[in-house]
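Here are the chains, one letter per residue:
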Amino acid sequence: MTQFFWTDDLSTGSAQIDGDHHVLVDLVNALIETMETGQDGKRMAKAMNDLIAYTGEHFRREDALMERIEYVAVLAHQAAHTKLLAQLVELNGILDAGGKINVPAVSNFLNEWLRDHILSEDMKLAAALKSQPETERLQQAH
């Protein structure tokens, strides 16, 4: 199992998006740590619930940005968000029911999904944000 390590190539140039991504990395790592060390169910549930809650908040912020700038790929990007949240909720259901999970597979999935999503989808969104007039970019920074 591997922790997620932030690398410079993941920086989108958007302070809001990058800030959210740093928090997501921390939450993914906290969940991976609880899974790897076999911590009690309450700690694992908290780590999973924290990840789901923050992921939902981040996705809502990104979705609002995409809608505000009339981002051309909004539907595909939102579909990717919806799918991941559904997968996290499903995983949480398995954990809540006391089911066993393949920890290395979950760890790898979360690492790969986050990295791939940032490098593909979020970089395109960041480029679209940068192409907005300066007044629009300033509004998004707040």
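Residues numbered from 1 in each chain as written. Predicted model: local features only at pLDDT ≥ 70, side-chain atom pairs only at ≥ 80, totals over all residues. Heavy atoms only, no water.

**Remarks on the overall build of the protein**
Selection rule: Under the DSSP-based scheme used, a helix requires at least four consecutive residues in state H or I and a strand at least two consecutive residues in state E, with every element numbered from the N terminus. Our radius of gyration looks at C-alpha atoms and nothing else; its globule reference is 2.2 Å times the residue count to the power 0.38. Three labels apply to residues, based on accessible area from a 1.4 Å probe with only protein chains included: buried if under 20% of the type maximum, exposed if over 50%, partly exposed otherwise in between. We call two residues in contact when some of their heavy atoms are within 4.5 Å. In this description, accessible areas are obtained by the Shrake-Rupley approach with a 1.4 Å probe, and a residue is regarded as covered only by the protein chains that are shown. Counted charges follow a simple rule, with Lys and Arg positive, Asp and Glu negative, and His plus the chain ends left uncounted. To locate a charge, take NZ of a lysine, CZ of an arginine, CG of an aspartate or CD of a glutamate.
Scanning the protein from N- to C-terminus turns up five helices and zero strands. Reading the protein from its N terminus to its C terminus gives the helix and strand order α-α-α-α-α. Over its C-alpha trace the protein gives a radius of gyration of 16 Å, about what one expects of a compact globule, namely 14 Å for 142 residues. Among the 142 residues that make up the protein, the fraction classed as buried is 42%. A fraction of 71% describes how many contacts in the protein between residues 6 or more apart in sequence connect residues 24 or more apart. Total accessible area computed for the protein in this model is approximately 7700 Å², and 57% of it derives from carbon and sulfur atoms. Between the averaged position of the 12 positive side-chain charges in the protein and that of its 22 negative side-chain charges there is a distance of 3 Å.

**Quick notes on the packing of aromatic side chains**
Note the cut-off: Only Phe, Tyr and Trp rings are paired, with Trp represented by its six-membered ring, and only when their centres lie within 6.5 Å; those with planes under 30 degrees apart are stacked, over 60 edge-to-face, the remainder tilted.
Enumeration according to the criterion identifies one aromatic pair in this entry. Consider the rings of Phe59 and Trp113, whose centres lie 6.2 Å apart with planes at 55°: the pair is tilted. Residue Phe59 is located in helix H2 (residues 41–68), and its partner Trp113 is located in helix H4 (residues 103–130); the two are separated by 54 residues in the primary sequence. Note on accessibility: Phe59 and Trp113 belong to one class, buried.

**Focus: the side chain of Asp20**
Mapping Asp20 onto the fold places it in helix H1 (residues 15–36). Discounting chain neighbours no more than four positions away, the residues touching Asp20 are Tyr54, His58 and Arg61.

**Considering the packing of H1 against H2**
For the record, the criterion: Axes here mean lines fitted to C-alpha atoms, for a helix over just the part in contact, with angles spanning 0 to 180 degrees between N-to-C directions. Any angle between 65 and 115 degrees counts as roughly perpendicular, while under 35 counts as roughly parallel, over 145 as roughly antiparallel, and the rest as oblique. For a crossing to be left-handed, the near helix must be turned anticlockwise from the far one by less than a right angle; the clockwise case is right-handed. Residue type decides the class: Asp, Glu, Lys and Arg count as charged, Ala, Val, Leu, Ile, Met, Phe, Trp, Tyr, Cys and Pro as nonpolar, and the leftover types, Gly among them, as polar.
It is the contact of H1 with H2, at a shortest axis distance of 9 Å, that shows an interaxial angle of 160°. Judged by the angle between their axes, H1 and H2 are roughly antiparallel. Judged by the sense of rotation from one axis to the other, the crossing of H1 with H2 is left-handed. Only Arg43, Met44, Ala47, Met48, Asp50, Leu51, Tyr54, Thr55, His58, Arg61, Glu62 and Leu65 of H2 make contact with H1, whose side of the interface consists of Gln16, Ile17, Asp20, His21, Val23, Leu24, Leu27, Val28, Ala30, Leu31, Thr34 and Met35. Class assignment for the residues of the contact of H1 with H2 results in 14 nonpolar, five polar and five charged.

Note that all results are geometric; they support no functional claim without further evidence.
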